[in-house]
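Tertiary structure, described
Chain residues, written in single-letter form:
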Amino acid sequence: MTKLAVLCFLLLQTGVEGFKISNIILNYFNGGSLTHEVITERAILNVTLQVCRALALSEGKTFTFPPQPFSAGAVAAACDASKSTKSFIDTIQRIQKSNHEIDKDYVLSAIHHCDDESIAGGQFLITLGLTAVKASNKKQNFVLATSILGEILHTLQDFYSHTNWVEIGYKFPNSNLIKGNADVGKIAAKTRATCRNCDGEDCSNNILEDILKEQILTSGYFSPKVFSTKPEGKCSHGGFFDRTKGIGPKGGINKDSFDSEHGYLHNQAANLAIAATSELLEDVRSAAGDRGFLQMMGLLKGRALCFCVDTTGSMGDDIEAVRIVTSSIIDSKVGTEDEPSIYILVPFNDPEFGPLLQTTDPEVFKSYINSLTPHAGGDFPEMSLSGLQLALTGAPPNSEIFVFTDATAKDDYLKNTVLALIEQTKSVVNFMITNVLGFRRRRQVDNNQQQGVRMSRAGGQLYRDLAQASGGQAVEVTKGQLLEAINILTESTSSSVVTLLQASRNPGKSENFTFVVDDTVKNLTIYITGASVAFSLISPSGVIQNITSTAGSSIITSQSVGNLQTVQLQTEGGLWELQILSTNPYSVKVVGESPIDFLFKFIKESDSPFGGFDVIGNRPTAGGNTSLQVTLIGNDVATVSEVALVESSGSGQVNGTIETQGGGTFIIHFDKIPLVEFVVLVKGTTNSTGVSRASSGIFQRQSTTNIKASVLTVTVNDLDTVLEPGTPRSISFSVMTTGEGGSFTIQATNDQGFAASSPSSLLLDPGVSANGTVNITAPANTPSGTGVTLTIEAVAPGGADSNYDVLRLTVLSKVTDFSPPVCQLLILQSNCSDNCSQSTWEVSVQVNDAANGTGVDSVSLREGSGTMNISTAADNSTLVSYVASCCSPDMQLVAVDQVGNVETCSYSVRANVTIAVTTSPATTSPATTSPATTDSSTRVGFSVSLCFSFSVLSFLLWFL
């Protein structure tokens, strides 16, 4: 395949926007095999660039592609969203993780890999998953959507490596693989021979000639079992683990790497997999819209703004403070790079909590807040943890959540569940507690006043424990102080906030803390919570300062409200010392804004036959060694030199051994894990490249989430993510301990309050798994796309140890509509002249769904700078009218039905024309004649063939 052939092939797949192919070309000619992770990332980066380019052009902005090879940071910068680099990389890694886990969790499932000629089964998984992705996106359940996306991409990519699609000679992806009920091609009958023995090590001619000539699809049979079998005459998958390859016909046909039996076709298969992945992503993009696609990918400018608000009668003053702060944040941040990416509100009281309200429209969020009205609630505690649970599952990972209440938690049994979700999402939770000692309801506990006070104090400690675990603050103030306290904590809603130091002491003790400030840090701030906590600072230049002595001080401002002190400092690079003088419990946190940050995940060697690492989704195993994957954000300006696990409430730490993986990724090995809660500390060196001001020396960053190792493991065994409304579902799980046995408490909860049952306990022997089942049912009227997060936790006897597993499910009704909407051209006319700016053209289109379809959900403009108007006709069809200058001769609209089927309709003019169509036009999408020639677009006009249009030819000449 020549450079020109690859270029033209990919250009034809994606239209004139041919920049998606750049990284594919580089990989096509390099010497390394492409993995699922690489294929997935390349497609994501390329499609994301196209989305950002389209948005920029629609807003009249120029768009500059980053240098090659593309990186996530460079793509985020090109999309004018550098502060979202961390969430963008986190999303890509989530997709890669769920892609990788198919090889571990479904290693023997033929349909998940298109093995054993289970191609139709693979298509079913892809299309079902694609429907779930679109439904989840529609409900803004982006974590679930991207997790499912990774799973179906594995199956899609395997099609090109495991079948004979490439050997047949196809140069295009099989587009029907992502279309429900579409013909993927003729699949070999079970009785038909497809292969012959390889000629020794040469397997280049082992597929039978008649199979290739008749374009019959086949895929290799695979089994790692010693006594494996396969149907007579069938191809084997091949490779080290496949025992069928020794059964005649001997050999294999997979193209997973250059070392595979058909490895000489690895590049072609990998390039087709990248193009097919891009095609599927484009379909998701069309259904979600460009901004919805970027939101799914975590690529938006600011952080989520998430409020969880007690709406009981006594909360009137608090709700008013939330309204004021909301308006202040929105008015100051909208239109800036720190504008919140999404707004989330979760109300709670007793006995109700929710619903979760979310929007990207700040004015809609204001209306949500303004609609909050305090209503009666006589008893003391509220459903605060249920509301927080819903917020943690609904907000994006790494969010900052603010909980407003003046009462204790009625549902404190959810503490472990909330801790599990904090660890899973790495979100920061701040509690804004007014009158926590029960003043507002003391009159209702007069008969046992001391009991009420003790309960209140215990409730306050629960909030402090959760805040500390997340790296947040538990701020205790009067109602009159609340507005000031909120203003302090919400001053920085930037997504580029990083933590330099975080520690807590209970009981309190006087202690000196040090932290390093590098020259990329700005807006340096210290938060201290606790009663009567005195402190002093020593700057890198040796100046001692405190609140009462600020001569020559680095202190810009200092505020104290309730139990919260905050100090904003002049940024000075170097080693700082913070001296805390208190015997009362306290927490301290030092933050700033910087492009340098990190992501971390605990990993273990995979038990998959294909090796590699698996991500540990819950607590790491205590009592032994462990490994950590660290991804450095801003690796173009910094590198890692030290990683340690630091005790959250002490001075102990465990240092790790670093292995550099490239691309800002590091594997860290630890010979032990701290016995108490700990955080991850990363240090490294910076340089001046790419930084706006001189930067050198050492940087220090710390994770916010407190982590604790466990001797327990909890594993969900049933990983199917679809929950059909009204149909009971059984989900199996297993629990094991490496510590002492006994009766372990089991609790299974879900954030939607769906009916569920599970065993209350399991009897465990050390080192032996015990199995259990959770039965859960979504109500029959639950809308498709509703996300439900199931948390299963096991607690050791006495409660000293616990662990959990989390399964995210999407509710999905059975889909019977697989046909996209249809565009019918009504009128296309123009008066275009040589002076295009003085002439216009227009088009009118009628959009309908099929007779038994779900109906048109949306019609949007993908390409074109004209004006589009949409109206509804008397027959409920959608009428589209579009008028543009002849200087903008192309337009493309995207029609989506209620279940996410997409039709892209394109029109253009190059000369004067008048076309009026009174019957069904011949320009609608032609029937598919073969899976390799599917074309879903409609184009009317006089442009020349795509590969020879002037703009594309110019690009080809430039590139080649």
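Residues numbered from 1 in each chain as written. Predicted model: local features only at pLDDT ≥ 70, side-chain atom pairs only at ≥ 80, totals over all residues. Heavy atoms only, no water.

Digging into helix 14 (residues 362-370)
Structurally, the α-helix is built with 3.6 residues per turn, so residues lying three or four positions apart point the same way. Applied cut-off: Only protein chains enter the accessibility calculation, which uses a 1.4 Å probe; a residue whose area is less than 20% of its type maximum is buried, one above 50% is exposed, and one in between is partly exposed. Only runs of H or I of at least four residues qualify as helices and only runs of E of at least two qualify as strands under DSSP, and these elements are numbered from the N terminus. The directions considered for the arc run from the helix axis to the C-beta atoms. Pairing of N or O atoms within 3.5 Å defines a polar contact, subject to two protein rules: one partner must be a possible hydrogen donor and the other a possible acceptor, and residues neighboring in sequence count only if both atoms are side-chain atoms.
Along helix 14, the residues classified as buried are Pro362, Phe365, Lys366 and Ile369. Angularly, the buried residues of helix 14 cover 105° about the axis, an arc narrow enough to put them on a single face. Put simply, aspartate 361 is the residue that caps the front of helix 14, since its side-chain oxygen is 2.9 Å from the backbone nitrogen of glutamate 363.

A word on the sheet that holds strand 17 (residues 613-615)
Adjacent strands of a sheet form backbone hydrogen bonds with each other and so pair up, either parallel or antiparallel. As a reminder, the rule being used: Strand pairing is assigned whenever DSSP identifies at least 2 bridges connecting the two strands. Under this scheme, a helix contributes an axis fitted over its contacting stretch, all axes are lines through C-alpha atoms, and angles between N-to-C directions fall in the 0 to 180 degree range. The contact criterion used throughout is that any non-hydrogen atoms of two residues lie within 4.5 Å.
One open sheet holds the five strands; their spatial order is 17-16-18-22-21, and the pairing between them is antiparallel. Of all strands in the sheet, those with a lone pairing partner are strand 17 and strand 21 (657-662), marking the two edges. Going from strand to strand, the sheet's axes swing by 35° on average, the running direction of each strand aside. Pairing analysis gives five bridges linking strand 21 to strand 22 (residues 665-670), with the strands arranged antiparallel. Directly across from threonine 657, in strand 22, lies its bridge partner histidine 669. Helix 5 (residues 85-105) rests against strand 16 (597-605), strand 17 and strand 18 (626-633) of the sheet, and its axis sits at about 10° to strand 16.

Observations concerning the environment of serine 495
In this structure, serine 495 sits in the loop between helix 18 (482-489) and strand 7 (497-505). Taking the C-alpha atoms as reference, serine 495 lies 8.9 Å from serine 399; in sequence the two are 96 residues apart.

Some details on the state of the cysteines
Such a bond, covalent and formed between the sulfur atoms of two cysteines, is termed a disulfide. Formally: The disulfide criterion used throughout: a pair of cysteine sulfur atoms within 2.5 Å.
In this structure the tally under the stated criterion is six disulfides. Disulfide pairing is shown between cysteine 52 and cysteine 79; the S-S distance is 2.0 Å. Its S-S torsion of approximately 100° makes the covalent link between cysteine 52 and cysteine 79 right-handed. Of this pair, cysteine 52 sits in helix 3 (residues 36-58) while cysteine 79 sits in the loop between helix 4 (72-78) and helix 5, placing them 27 residues apart in sequence. The same class applies to cysteine 52 as to cysteine 79, namely buried. Residue pairing for cysteine 836: its cysteine sulfur links by disulfide to cysteine 887, the two sulfurs lying 2.0 Å apart. Here cysteine 836 and cysteine 887 share a disulfide; its torsion about the S-S bond, 90°, makes the bridge right-handed. You can see cysteine 836 sitting in the loop between strand 34 (822-830) and strand 35 (840-848) and its partner cysteine 887 sitting in the loop between strand 38 (878-885) and strand 39 (890-897), a full 51 residues away along the chain. You can see cysteine 306 has no disulfide; the closest cysteine sulfur is in cysteine 308, sitting 6.7 Å from it.

Focus on empty space enclosed by the protein
Note the following rule: Each cavity reported here is a set of points on a 1 Å grid over the protein atoms alone in which a 1.4 Å probe fits but cannot get out, each pocket an open set with protein on both sides within 12 Å along at least five of seven lines, and each lining residue one with an atom within 4 Å of a point. Grid points are joined across faces, edges and corners, and a volume is the space filled by probe spheres set on the points. Amino acids outside the nonpolar list (Ala, Val, Leu, Ile, Met, Phe, Trp, Tyr, Cys, Pro) and the charged list (Asp, Glu, Lys, Arg) are all regarded as polar, and Gly is one of them.
Applying the stated criterion to the full structure yields four cavities of 30 Å³ or more. Size it by volume and the largest cavity reaches roughly 100 Å³. Along its surface, the largest cavity is lined by 15 residues, and Gln468, Gln502, Ala503, Ser504 and Ser587 are the ones closest to its centre. Taken together, the elements giving at least two residues each to the lining of the largest cavity come down to helix 17 (449-470), strand 7 and strand 15 (586-593). Of the residues assigned to the lining of the largest cavity, the class counts are four nonpolar, ten polar and one charged.

Structural notes on the environment of leucine 300
Counting through the fold element by element, leucine 300 comes out in the loop between helix 12 (290-296) and strand 1 (305-310). Residue leucine 300 is classed as partly exposed on the basis of its relative accessible area of 23%. A C-alpha to C-alpha distance of 8.7 Å links leucine 300 and serine 87, two positions 213 residues apart in sequence. Beyond its immediate stretch of four places on either side in the chain, leucine 300 contacts Ala81, Ser84, Leu294, Gln295 and Ser341.

Details of the confidence of the model for the chain
Put simply, the rule is: As a per-residue measure, pLDDT reflects the predictor's confidence and takes values from 0 up to 100.
Per-residue confidence for the chain gives a mean pLDDT of 86, with 87% of residues at or over 70. When pLDDT is averaged over each helix and strand of the chain, the minimum, 30, is found for helix 2 (residues 22-28) and the maximum, 98, for helix 9 (residues 165-168). Below a pLDDT of 50 lies the segment residues 1-31, which in the model reaches 73 contacts outside its immediate sequence neighbourhood of four places, other chains included. Note on residues 689-695: pLDDT is under 50 here. Beyond four places in sequence and across chains, it has 15 contacts.

Some thoughts on the environment of asparagine 781
Note that asparagine 781 resides in the loop between strand 31 (770-777) and strand 32 (787-795). Residue class for asparagine 781 comes out exposed when judged on its relative accessible area of 67%. Put simply, asparagine 781 and glycine 726 are 55 residues apart on the chain and 7.6 Å apart in space, counted from C-alpha to C-alpha.

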